[in-house]
Amino acid sequence: MQARQDWAASQLREWYLFPETLPVNLSTAGFSSVQSYVDALTATARVQGRDRFFTFVTSIADENAFLGTGQTAAFGFRLEIDTAARRVLVADGYEGAPGLAAGIDRGTEILAIGTNEATLRSVASIIASEGASGVSAAFGPSTVGISRVLQVAAPGRSPRTVTLTKSNFAIAPVSSRFGSRIITDGGRQVGYLNLRTFIDPADPALRAAFASFRSAGIRDFIIDFRYNGGGLLDIANLMGDLLGDNRQASDVFNVETFRPEKSQFNETRAFRRQPQSVAPLRIAFIGTDATASASELVINGFQPYLGASLALVGANTSGKPVGQIARDRPECDDRLRIVAFASRNAAGRGDYFNGLASEVTRTCRAADDLTRQMGDPAEESTARALDFLAGRVCAAITSGTAPAIAAAPPPMTMLVPDQMGVVDRMVPGTF
């Protein structure tokens, strides 16, 4: 263990974006894992709000598998929790997974969890006694074959009991059900795109979606990043390219800046038109406090060019204007994701550690309406995005990440386990 911890410390001292915050000497004694030692090394930057557990240890094999294919072992839904109201609801159901096959989709409430019917415990009682961590633990590990009995209730339906077994499936980055569509609003056509995560399979899915938008001559867009925790920088760059048909070859999309002694790795990335690229007049980006990293990079990248023709709709974003590199120790299957570079847009803006709401020119406050599917014109966030694109009035996002909306459900947050894996970080709330 100590050898692995020493290796992690040496990598941080070489690459960490904030080297001045690292302790001069920190003994490995008393730390039972590599992650706990890394957390201690990065504690000062965390207090400063610059590294909120963005530096972490993961499995090389697990990360490569998810980034390459979207494969995971789970029941196949994304969950949000309201600890004050002691409720857990489904925000998204994944195609090809056991949960959706059993009719568990957006808006379904998880009422009770057990290993069998005799051991069913109400979610309210679990939250009352153990908090959010008790709920995530009740679903069991991410292992194929793990079964749970759930009591669930879809909106307007009576509770029912189902038994689910975790299986391997691939999370589609763009849903085949609602991920891409053309919305007609007052005689105008709007392109809607929901991206769950920035992984390799997103490349063909994004190209197909934007090819349809280009063919239809769409100029106004809703880009829905509301639960997108980030992922591959290459896919973020592709997203910029696909939205950049009216950008010049010299227009800068993103600037990566490493610490001074690693400046040879700095990169300025300009837009690169693709055959499927579109030329937006206006873009409404839907975000929440789960919108992070690559998602924020894309939004920030377009602000200098669109100005007041770009809006953040929903709530303030997570606030992660930094990126990680991967340093591997294959003999231990250790991948250390190190915060190593800052991201800035063409205007040099990139210190949005408190989220993007104060950085973008326009914002529209909206609830995440779990009673309707994402992309439904009547869904709260989608409706406010359409308002912005049409020039209708919308209320601005105020401070914080969970705006209070009159007559709306209480604010929810993604349910994540205490010990997060690859999927938990990139597709938060997945169980």
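Note that the structure is predicted; figures quoted are calculated from it, not measured.

Engineer: Give me the pairing of strand β16 (residues 310–314): which residues, what numbers.
Structural biologist: Within β16, five of the five residues are buried, which leaves it mostly tucked inside the rest of the structure. Judged from the five bridges that link them, strand β15 (residues 282–287) and β16 form a sheet pairing that is parallel. Among the inter-strand pairings, A284 is bridged to a residue of β16, identified as A311. Handedness of the β-α-β unit built from β15, helix α9 (residues 294–306) and β16 comes out right-handed. Examined bridge by bridge, β16 and strand β19 (residues 362–365) share four bridges and lie parallel to one another. When the sheet's bridge partners are listed, G314 is paired in β19 with R365.

Engineer: Give me the lowdown on the pairing of strand β10 (residues 180–185), citing residues and values where you can.
Structural biologist: Taken residue by residue, a regular strand's side chains alternate between the two faces of the sheet. Relative to strand β11 (residues 188–194), β10 runs antiparallel, the two sharing six bridges. By the bridge assignment, R181 is partnered in β11 with Y192. Hairpin connection between β10 and β11: a loop of two residues separates the two successive antiparallel strands, and G186 in this loop has a positive phi of roughly 60 degrees.

Engineer: Run through the nonpolar core, naming residues and quoting values.
Structural biologist: Residues L193, L206, F210, I223, M239 and F302 are the most contacted members of the largest nonpolar core, which totals 37 residues. For this core, the secondary structure elements donating two or more residues are α7 (202–216), β12 (220–224), α8 (233–242), β15, α9 and β16. Ranked by the residues each element gives to this core, the list is headed by α9, at six residues. Contacts of L193, omitting those with residues within four sequence positions, involve V174, G179, S180, L206, A209, F210, F213, I222, I223, D224 and M239. Counting residues in each nonpolar core, the second largest holds 26 residues, with L41, A45, L336 and A340 among its members.

Engineer: Outline helix α10 (residues 380–390), supporting the account with residue identities and numerical values.
Structural biologist: The buried count for α10 comes to eight of eleven residues, which makes it a mostly enclosed element. Within α10, burial applies to S381, T382, A383, A385, L386, D387, F388 and L389. Contacts from the buried residues of α10 go to β10, β11, β12, β15, β16 and β19. The opening residue of α10 is E379, an N-cap whose side-chain oxygen sits 3.2 Å from the backbone nitrogen of S381. Immediately downstream of α10, the backbone of G391 shows phi near 85 degrees, a positive value.

Engineer: With reference to specific residues and values, describe the sheet that holds β12.
Structural biologist: Across the sheet, six strands lie side by side as β10-β11-β12-β15-β16-β19; this open sheet has mixed pairing. The open sheet is flanked by β10 and β19, the only strands paired with a single partner. Shown here is a sheet whose adjacent strand axes are inclined to one another by a mean of 25 degrees, direction ignored. Against the sheet, α10 engages β10, β11, β12, β15, β16 and β19, with an angle of about 155 degrees to β15.

Engineer: Explain the packing of aromatic side chains to me, and be specific about the residues and the numbers.
Structural biologist: Between two aromatic rings, the relevant description is the distance of the centres plus the angle of the planes. As enumerated under the stated definition, the model contains 19 aromatic pairs in all. The interplanar angle of 90 degrees and the centroid separation of 5.7 Å between the aromatic rings of Y16 and F18 together place this pair among those described as edge-to-face. Judged on exposure class, the residue Y16 and its partner F18 are both buried. On the numbers, 5.1 Å between centres and 55 degrees between planes, the contact of F253 with F271 is tilted.

Engineer: Lay out the pattern of salt bridges with the relevant residues and their values.
Structural biologist: Counting across every chain of the model gives 34 salt bridges. Put simply, R196 and D92 hold a salt bridge, and the shortest N to O gap is 2.8 Å. In this pair, R196 is assigned in the loop between β11 and α7 and D92 in strand β4 (residues 87–93), connecting sequence segments 104 residues apart. Both residues of the pair, R196 and D92, belong to the buried class. Residue R177 pairs with D105 through a salt bridge whose shortest N-O separation is 2.7 Å. Placement of the pair is R177 in the loop between β9 (167–170) and β10 and D105 in the loop between α5 (98–101) and β5 (109–114), with a sequence separation of 72 residues.

Each value, and the rule that gives it
- Residue positions are counted from 1 within each chain, in the order its sequence is given.
- Per-residue local features of the predicted model are confined to residues with pLDDT of at least 70, and side-chain atom pairs are confined, for both listing and counting, to 80 or more; whole-chain, interface and lining totals are unaffected and use all residues.
- Values reported for side chains reflect all heavy atoms of the structure, with hydrogen atoms and water molecules removed beforehand.
- Exposure categories follow from relative accessible area, calculated using a 1.4 Å probe and restricted to protein chains: below 20% of the type maximum is buried, above 50% is exposed, and the middle band is partly exposed.
- Helix and strand labels come from DSSP, where a helix needs a run of H or I of at least four residues and a strand needs a run of E of at least two; each type is numbered from the N terminus.
- DSSP bridges decide pairing: two strands pair if at least two such bridges lie between them.
- Seen with its strands pointing away from the viewer, a crossover is right-handed when the path leading from the first strand over the helix to the second is clockwise.
- We call a set of buried Ala, Val, Leu, Ile, Met, Phe, Trp, Tyr and Cys residues a nonpolar core when their side-chain atoms join them within 4.5 Å.
- Throughout, a contact is declared for two residues whenever any of their heavy atoms are within 4.5 Å.
- Here a polar contact is taken to be a pair of N or O atoms separated by no more than 3.5 Å, where protein atoms must pair a possible hydrogen donor with a possible acceptor and residues adjacent in sequence count only if both atoms sit in side chains.
- Note on geometry: axes are C-alpha line fits, over the in-contact stretch for helices, and angles between N-to-C directions span 0 to 180 degrees.
- Only centres within 6.5 Å qualify two rings of Phe, Tyr or Trp (six-membered ring in Trp) as a pair; their planes then separate them into stacked at under 30 degrees, edge-to-face at over 60, and tilted for everything else.
- We define a salt bridge as a contact between a side-chain nitrogen of Lys or Arg and a carboxyl oxygen of Asp or Glu at a distance within 4 Å.

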